[in-house]
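# Descriptive analysis of the structure
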Amino acid sequence: MQWSEEDGKVEWEQFFPFISVLKKEEREQLAIHAKRARFQKNENLHGADGECTGLILIEQGIVRVYMMSEEGKEITLYRLYPGDICLLSASCVLESITFDVFVDAQTDCQVCIVPAGFVASLSKQHLEVENYLLKTATERFSDVMWAMQQILFLRFDQRLAIFLMDEAAQRATDTLYMTQEEIARSIGSAREVVSRMLKFFASEGLVRILRGGVEILDKARLRKLTQSA
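Residues numbered from 1 in each chain as written. Predicted model: local features only at pLDDT ≥ 70, side-chain atom pairs only at ≥ 80, totals over all residues. Heavy atoms only, no water.

### Quick word on the sheet that holds strand S12 (residues 213-216)
- With respect to topology, three strands assemble into an open sheet ordered S10-S12-S11, the strand pairing being antiparallel. Edge positions in the sheet fall to strand S10 (175-176) and strand S11 (207-210), since each has one partner strand and no second.
- Where S10 lies against S12, two bridges are found, and the strand directions are antiparallel. Its bridge partner lying in S12, Leu 176 is registered against Val 214. (Pairing = 2+ DSSP bridges. Helix = DSSP H or I, 4+ residues; strand = E, 2+ residues; numbered from the N terminus.)

Spelled out as structure tokens, the structure:
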């Protein structure tokens with residue numbers, strides 16, 4: 001991690017709808033406490049040291065939020081993109097959140113971190129802040145349930161098709177530069193399983209396997225797989 005001194009102020013209004021209820025000194029303290037940081041691809045933002053990091057605002061890049069079993073198996077809960085906020089990295093602020101997650105940089109990224117203690121202080125003083133945190137937690141819970149539903153109820157070919165289509169839509173490209181290991185971590189599977197299914201997709205003309213990536217060739221048929229899910 002590298003702390004960044006990028007020019008320009010954080011536009012708090014685009015992240016926090018409650019900003020108008022804060023007192024002038026509270027807004028000033030927010031600007032003082034919040035710190036920009038840069039992370040390299042695969043670097044850990046939260047979870048490795050057991051600390052409550054705080055709210056993470058994604059300014060550039062993509063981060064991955066996941067859980068890890070005692071055996072080291074990872075299950076991706078969701079990914080966050082520029083403009084998104086990671087609340088589970090400040091789970092100590094909400095007593096109802098009792099499980100631990102990890103947050104890694106999926107790409108090189110720049111974020112702004114608001115310490116958990118300061119967020120907790122604002123939450124105690126302003127009902128609007130507490131409501132915002134609860135609303136954000138509820139929205140992310142829907143993402144977590146969707147991830148669990150895929151793992152429990154969908155065939156692997158459907159899960160992989162959904163992942164490839166979602167990534168293509170998010171990145172606005174049909175060529176995804178992700179290794180098979182990265183894809184496996186993202187959908188909670190083994191690299192060997194991903195490799196076999198991608199080879200099957202390639203034999204069917206759905207994708208082309210590239211060095212360090214995958215190119216989608218037949219979106220219509222991949223979409224049909226996702227719709228059957």
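### Some points on helix H3 (residues 116-125)
- Among all positions in H3, only Ala 116, Phe 118, Val 119, Leu 122 and Ser 123 are buried. Projection of H3 onto a plane perpendicular to its axis shows the buried side chains occupying an angular sector of 160°, all on one side. Exposed side chains of H3 directed beyond 90 degrees from the buried face belong to Gly 117 and Lys 124. (Buried < 20%, exposed > 50% of the residue type's maximum accessible area, 1.4 Å probe, protein only. Arc of directions from axis to C-beta.)

### Observations concerning the pattern of salt bridges
- Considering all chains together, one arrives at 15 salt bridges under this definition.
- Across the salt bridge formed by Glu 167 and Arg 171, the nearest N and O atoms sit 3.0 Å from each other. Residue Glu 167 and its partner Arg 171 are located together in helix H5 (residues 156-171), separated by four residues, close to a single helical turn.
- For the salt bridge of Arg 208 with Glu 215, the shortest nitrogen-to-oxygen distance reads 2.5 Å.
- A residue is classified by how much of its surface remains accessible, and Glu 215, at 22% relative accessible area, is partly exposed.
- Residues joined by salt bridges that share partners form a network here, namely Arg 64, Glu 74 and Arg 185. (Salt bridge = Lys/Arg side-chain N within 4 Å of Asp/Glu carboxyl O.)

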